[in-house]
Amino acid sequence: MLVVGAGLAGVLLARRLQDAGAEAVLIGAGCRGAPVGPADATAASGGLVRAFEPEPAARALATASLTELLSDPALAASAGWHRTGSLYVLAAGPGGGLEIGGADVLTGPELRRRFGFDGPASAVGIWEPRAGYISPDLLRLAVLRGLARTEAAPMARLDDGAVVLRDGRRLTGDRVVVAAGAWTPALLRAAGFATDLRTKHIQYAYHAVTRDDLPSMVDETSGLYGRPAGPGRMLLGLPSGRWDPDPAAPEADAALAERVATVATLRLPGLDPRPIGPPVSAADCYSEPAGLALRAVAGSVHTFTGGSGGAAKTALAASRLAASTLLDRPAPRRPTGSRAPDVPTTP
Ligand SMILES: Cc1cc2nc3c(=O)[nH]c(=O)nc-3n(C[C@H](O)[C@H](O)[C@H](O)COP(=O)(O)OP(=O)(O)OC[C@H]3O[C@@H](n4cnc5c(N)ncnc54)[C@H](O)[C@@H]3O)c2cc1C
């Protein structure tokens, strides 16, 4: 199994495959971070993790990932886990039952009383005291250390069943999984494969704030998201509308950076956010439907990307699912009946 890309998605998939007894080779392990430029999504990620997601499939993966993280103290420590609680504000009630253990549903007036949140009266908050944030970059490093077979060189060319590295070597595999995040659409197109995957800009900044009582949060009524980032500091951001940036050097959006403080002040009066340093500007791979998942491309080629700005919270469970899907399908050159074992382990 050739896995291309050493972001969180690639390292976790390679680890799940290895733990299941497959021969997994992670390609590009030496270019952790962007092959050219400062940061891939894993290095730039805010790392907010929680069980709640509005979409049920993403919610199931986020819930399973958080459960795995919290049930394994060594894993949580290696991922730089911080418990902050998580507040997810919806414009109106989610409709239907919410199957989230340990979450409370708060009304608009309760949001105001408990968090000083000033939003529409119809707003509903999903409050998860056990949620928080991780460092996806630290988790990646920990998983990378446990991989038996890595290739430092990035992929220069992708073929069906083979990968040519930048140092000229050609590796062959039963499956080639492109887990190159925001670089994936261009890599596929360069190899002649059609794809609906797209790249989108994501930007946030650290701010000095005058409140230290806020949890990690997402506010769908304004787009504002953030989390604590040490005493008197919060990471705050708003969705960017920019599609198809260069993932190696996504240009910062000055107007978006200015809007963040305005929106945060409206929703969280008394926060008084003042940006510290330039914004963090990066990109992720977006899919429809959104979410990190294994997708067949053609022949032996698959992708494992599409995090759509949210895969830090689903990657543990999504990689487990992707590995078992890959191994359940008989690979072209594997003798019939040699089904791989299930994926039991935790990185
Ligand atoms: C700014 C930002 C904030 C985020 N905040 C959150 C959050 O708070 N919560 C959350 O759940 N999610 C968040 N996300 C989303 C989450 O971090 C990403 O979905 C996830 O990290 C994507 O991991 P990945 O491995 O798919 O991609 P990446 O981390 O981008 O990794 C792809 C890798 O592929 C490599 N690569 C590229 N080309 C080649 C090649 N030719 N050969 C070999 N390797 C190659 C790159 O160098 C890179 O290392 C955020 C994302 C961003 C950008």
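- Going by an unreviewed UniProt entry, the protein chain carries the name FAD dependent oxidoreductase domain-containing protein and comes from Actinoplanes nipponensis.
- In the Cofactor (unreviewed entry) part of its UniProt record, the protein chain is described as follows: "FAD".

**With respect to the overall build of the protein chain**
1) Next: Scanning the protein chain from N- to C-terminus turns up nine helices and 20 strands.
2) Next: Against the compact-globule benchmark of 20 Å for 347 residues, the protein chain has a radius of gyration of 20 Å, which places it among compact chains.
3) Next: Principal-axis analysis of the C-alpha atoms places the extent of the protein chain at approximately 65 × 40 × 35 Å.
4) Next: Relative to all contacts within the protein chain whose residues are 6 or more apart in sequence, the contacts with residues 24 or more apart total 70%.
5) Next: As presented, the protein chain carries roughly 14,400 Å² of accessible surface, and 55% of it is formed by carbon and sulfur atoms.
6) Next: Within the protein chain, the 33 negative side-chain charges are centred at a point lying 2 Å from the centre of the 35 positive side-chain charges.

**Observations concerning unusual backbone geometry**
1) Next: Following Glu 288, the chain continues to Pro 289 via a peptide bond in cis, the omega torsion being 0°.
2) Next: The residue Pro 289 is located in the loop between strand S18 (274-286) and strand S19 (293-298) in this model.
3) Next: One non-glycine residue with positive phi stands out, namely Asp 272, at about 50°.
4) Next: Considering the arrangement of structural elements, one finds Asp 272 in the loop between helix H8 (254-267) and S18.
5) Next: Of note, the phi angle at Ser 308 is positive, near 50°, even though the residue is not glycine.

**With respect to the sheet that holds strand S5 (residues 86-90)**
1) Next: The strand order across the open sheet built from eight strands is S6-S7-S5-S15-S16-S17-S14-S18, with neighbouring strands paired in mixed fashion. The sheet is open, and its two edges are formed by strand S6 (104-107) and S18, each paired on a single side. Taken pair by pair, the neighbouring strands of this sheet meet at an average axis angle of 20°, ignoring direction.
2) Next: Across five bridges, the pairing between strand S14 (residues 198-208) and strand S17 (residues 233-237) is antiparallel. Note on S17: the bridge partner recorded for His 207 is Met 234.

**Focus on the packing of aromatic side chains**
1) Next: Across all of its chains, the model carries four aromatic pairs by this definition.
2) Next: Judged by centre distance (5.8 Å) and plane angle (90°), the ring pair of Tyr 204 and Tyr 206 falls under edge-to-face.
3) Next: Overall, Tyr 204 belongs to the buried group, its relative accessible area being 8%.
4) Next: On the basis of relative accessible area, Tyr 206 is assigned to the partly exposed category, the value being 22%.

**Some details on empty space enclosed by the protein**
1) Next: Counted under the stated rule, the structure contains three cavities of 30 Å³ or more.
2) Next: By volume, the largest cavity amounts to about 80 Å³.
3) Next: For the lining of the largest cavity, the secondary structure elements donating two or more residues are helix H3 (56-70) and helix H9 (315-328).
4) Next: Top contributing element to the lining of the largest cavity by residue count: H3, with four residues.
5) Next: Grouping the amino acids of the lining of the largest cavity by side-chain chemistry returns ten nonpolar, one polar and two charged.
6) Next: Taken together, Gln 203, Tyr 204, Ala 205, His 207, Leu 236, Leu 256, Ala 257, Val 260 and Pro 279 form the lining of the second largest cavity.
7) Next: Of all the secondary structure elements, the ones that give two or more residues to the lining of the second largest cavity are S14 and H8.
8) Next: Considering every element that reaches the lining of the second largest cavity, the biggest residue donor is S14, with four residues.
9) Next: The residue inventory of the lining of the second largest cavity, partitioned by class, reads seven nonpolar, two polar and no charged.

Thresholds applied
Residues numbered from 1 in each chain as written. Predicted model: local features only at pLDDT ≥ 70, side-chain atom pairs only at ≥ 80, totals over all residues. Heavy atoms only, no water. UniProt positions renumbered as here; feature names shortened; annotations may be inferred. Helix = DSSP H or I, 4+ residues; strand = E, 2+ residues; numbered from the N terminus. Rg over C-alpha atoms; globule rule 2.2 N^0.38 Å. Contact = heavy atoms within 4.5 Å. Areas by Shrake-Rupley, 256 points an atom, 1.4 Å probe, with all protein chains shown as cover. Lys, Arg positive; Asp, Glu negative; His and termini not counted. Charge placed at Lys NZ, Arg CZ, Asp CG, Glu CD. Pairing = 2+ DSSP bridges. Axes fitted to C-alpha atoms, helices over the stretch in contact; angles between N-to-C directions. Phe/Tyr/Trp six-rings, centres within 6.5 Å; stacked < 30°, edge-to-face > 60°. Buried < 20%, exposed > 50% of the residue type's maximum accessible area, 1.4 Å probe, protein only. 1 Å grid on protein atoms, 1.4 Å probe; cavity = no way out; pocket = protein on both sides within 12 Å on 5 of 7 lines; lining within 4 Å. Points joined across faces, edges and corners; volume = space filled by probe spheres on them. Nonpolar A, V, L, I, M, F, W, Y, C, P; charged D, E, K, R; others polar.

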